Amino acid sequence: MQAIRGATTVSENTVEAMREAVMELLDELEKRNQLHPTDMISVTFSATSDLDAIFPAAIARHRPHWDNVSMIDVQQMYVPGSLEKCIRILVHAYIKSSATISHIYLRHASTLRPDWNLPQPLQASQSTIESKV
């Protein structure tokens with residue numbers, strides 16, 4: 001099991017803008033990680049307090065095969081000067097041990113983790129964890 005992170009931003013607090021951004025983020029998550037929803041254990045969506053038009057998980061539930069994925073929405077902690085109109089995801093999924101994980105940061109959220117905006121070798125993340133133990 002591995003965790004995959006990601007984020008995106010929306011142009012405005014509307015259902016349409018949020019749907020477009022969430023769908024784009026989840027399309028990239030599935031494509032770049034060769035991930036099928038049946039491999040997912042859970043997905044946590046967080047949204048900044050300026051986004052309240054719709055729950056991101058409600059958008060995801062309409063995707064094919066996402067109806068059985070455990071999902072929850074939470075509000076992102078407010079920090080002055082932080083990125084506005086941002087939706088983040090944390091996905092726990094079964095990933096092949098030889099697979100490369102791609103954390104997905106789109107739109108203005110690409111500035112949050114430029115070091116994770118590229119595929120990350122699985123062995124490198126496991127080595128980092130093992131060296132901290």
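Structure first, text after, so check above.
Residues numbered from 1 in each chain as written. Predicted model: local features only at pLDDT ≥ 70, side-chain atom pairs only at ≥ 80, totals over all residues. Heavy atoms only, no water.

(A) View of the environment of Pro64. Within the fold, Pro64 resides in the loop between helix 2 (56–60) and strand 3 (70–75). We classify Pro64 as exposed; its relative accessible area is 61%. For the pair Pro64 and His36, spaced 28 residues apart in the sequence, the C-alpha separation amounts to 9.8 Å. (Helix = DSSP H or I, 4+ residues; strand = E, 2+ residues; numbered from the N terminus. Buried < 20%, exposed > 50% of the residue type's maximum accessible area, 1.4 Å probe, protein only.)

(B) Fine view of unusual backbone geometry. Phi is positive for Lys85, which is not a glycine, with a value near 50°. Examined against the element boundaries, Lys85 turns out to sit in the loop between strand 3 and strand 4 (86–93). Accessibility expressed as a relative area gives 25% for Lys85, which makes it partly exposed. The phi torsion at Arg107 lies on the positive side, around 55°, for a residue other than glycine. Since its relative accessible area comes to 32%, Arg107 is described here as partly exposed.

(C) Molecular detail of helix 1 (residues 15–32). Here helix 1 spans 25 Å end to end across 18 residues, near enough to the 26 Å set by a 1.5 Å rise per residue. Residues of helix 1 that are buried: Ala17, Met18, Ala21, Val22, Leu25, Leu26, Glu28, Leu29 and Glu30. Next to the buried residues of helix 1 lie strand 1 (2–9), strand 2 (40–47), helix 2, strand 4 and strand 6 (104–105). Where helix 1 ends, the next residue or the one after it, Gln34, has phi of about 45°, a positive value. (Expected span 1.5 Å × (residues − 1). Contact = heavy atoms within 4.5 Å.)

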